[in-house]
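# Topology and contacts: notes
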Amino acid sequence: KNLIMLGDRPLLAHVIARAVPKGAPVVINANGDAARFGGFGLPVIADVVDGFAGPLAGVLTGLEHAAAHHPQVSHVISLATDAPFLPRDLAKRLMQAVADGADMAQARSGGRRHPVFAIWPVSMAGALRAALVDEGLRKIDDFTARFDCAIVDFLPEDDGAPDPFTNLNTPEDLEDARIRVTADNG
């Protein structure tokens, strides 16, 4: 779904442009044929845990990849790639929450937590691997409840705009997003 075109580029390109700080190392976590992401020029890594272990497997994959390939990186930010209107200050505000002392931080909008949109310490990889593999844990909130997880509130960029974490799950969602992109560019 993240390769569906929205305006002149795929959903994934919108997410990267809005939410990834310039110069930050970026990887795409995806199972299946990595070649489909060839146009992005980014590493594509499959889950490090066999079977469908859900979003936590992707987080673990990112943490272990960062530890092995980017030792200077202390934290990883996870994003869903079907939410093209993310806040432009998402990374900055999540990083600030951990700088203020939290173990990790998650986004929230409209009173609803968005656990995939989060910042995770690389040092947590061992605990997350044990939770996934040894305990069979699958829910992000069940894992983050074990730590000091800050919640960072976000609002739409302007009145009448949709929630910035809106996922495009239906044809209607995609059509609404296309109208918004056309209006923003018009």
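As a reminder, the structure under discussion sits directly above these lines.
The structure reproduced in this document is the subject of the present report.

Calculation rules
- Residues numbered from 1 in each chain as written.
- Predicted model: local features only at pLDDT ≥ 70, side-chain atom pairs only at ≥ 80, totals over all residues.
- Heavy atoms only, no water.
- Helix = DSSP H or I, 4+ residues; strand = E, 2+ residues; numbered from the N terminus.
- Contact = heavy atoms within 4.5 Å.
- Phe/Tyr/Trp six-rings, centres within 6.5 Å; stacked < 30°, edge-to-face > 60°.
- Buried < 20%, exposed > 50% of the residue type's maximum accessible area, 1.4 Å probe, protein only.
- Lys NZ or Arg CZ within 6 Å of the ring centre and 35° of its normal.
- Salt bridge = Lys/Arg side-chain N within 4 Å of Asp/Glu carboxyl O.
- Arc of directions from axis to C-beta.
- Core = buried A, V, L, I, M, F, W, Y, C linked by side-chain atoms within 4.5 Å.
- Pairing = 2+ DSSP bridges.
- Axes fitted to C-alpha atoms, helices over the stretch in contact; angles between N-to-C directions.

Moving on: the environment of Phe40. Mapped onto the elements of the fold, Phe40 is located in the loop between strand S3 (28-29) and strand S4 (44-45). Those residues within four positions of Phe40 in sequence are excluded, and the remaining contacts are Leu3, Pro10, Leu12, Ala13, Ile16 and Ile28.

This model, assessed by the stated rule, comprises four aromatic pairs. When the centroid spacing of 5.6 Å and the interplanar angle of 70° are considered together, the rings of Phe154 and Phe165 count as edge-to-face. Of this pair, Phe154 sits in strand S8 (residues 149-154) while Phe165 sits in the loop between S8 and helix H6 (171-185), and the two are eleven residues apart along the sequence. Across the pair, Phe165 and Phe154 agree in class, each one buried. Three or more aromatic residues joined by ring pairs form one cluster here, namely Phe117, Phe154 and Phe165. Its end group placed over the ring of Phe154, Arg93 keeps NZ or CZ at 4.2 Å from the ring centre. The ring of Phe85 is capped by Arg180, whose NZ or CZ atom sits 4.0 Å from the centre of that ring.

Let us look at the pattern of salt bridges. This structure, assessed with the given rule, holds five salt bridges. A salt bridge links Glu64 to Arg129; its shortest N-O distance comes to 2.7 Å. Of this pair, Glu64 sits in helix H2 (residues 55-69) while Arg129 sits in helix H4 (residues 125-134); the two residues are 65 residues apart in sequence, bridging distant segments of the chain. Residue classification places Glu64 among the partly exposed residues on the basis of a relative accessible area of 23%. Judged by relative accessible area, Arg129 falls into the partly exposed class, the value being 31%. One salt bridge in this structure joins Asp153 and Arg108, with 2.7 Å as the shortest N-O distance.

Listing the buried residues of H4 in full gives Ala125, Leu128, Ala131 and Leu132. An end-on view of H4 places all buried positions within 130° of arc, on one side of the element. The positive-phi residue at the C-terminal boundary of H4 is Gly136, with phi of around 70°.

Among the nonpolar cores identified, the biggest contains 22 residues, and Leu56, Leu63, Trp120, Leu128, Leu132 and Phe143 are the most heavily contacted of them. Of all the elements in the fold, those that place two or more residues in this core are H2, strand S7 (112-121), H4 and helix H5 (140-144). When residues in this core are grouped by element, the largest group, six residues, is from H2. Not counting residues up to four positions away in its chain, the partners in contact with Phe143 are Leu56, Trp120, Met124, Ala127, Leu128, Ala131 and Leu137. Within the second largest apolar cluster, 18 residues are counted, among which are Ala19, Leu94, Phe117 and Ile119.

Here four strands make up an open sheet; going across it, the order is S5-S7-S6-S8 and the pairing mixed. One side of each edge strand has no neighbouring strand; the edge strands of this open sheet are strand S5 (75-78) and S8. Across the sheet, the mean angle from the axis of one strand to that of its neighbour is 25°, orientation sign disregarded. Where strand S6 (residues 104-109) meets S8, six bridges bridge the pair, whose relative direction is parallel. Among the inter-strand pairings, Ala105 is bridged to a residue of S8, identified as Ala150.

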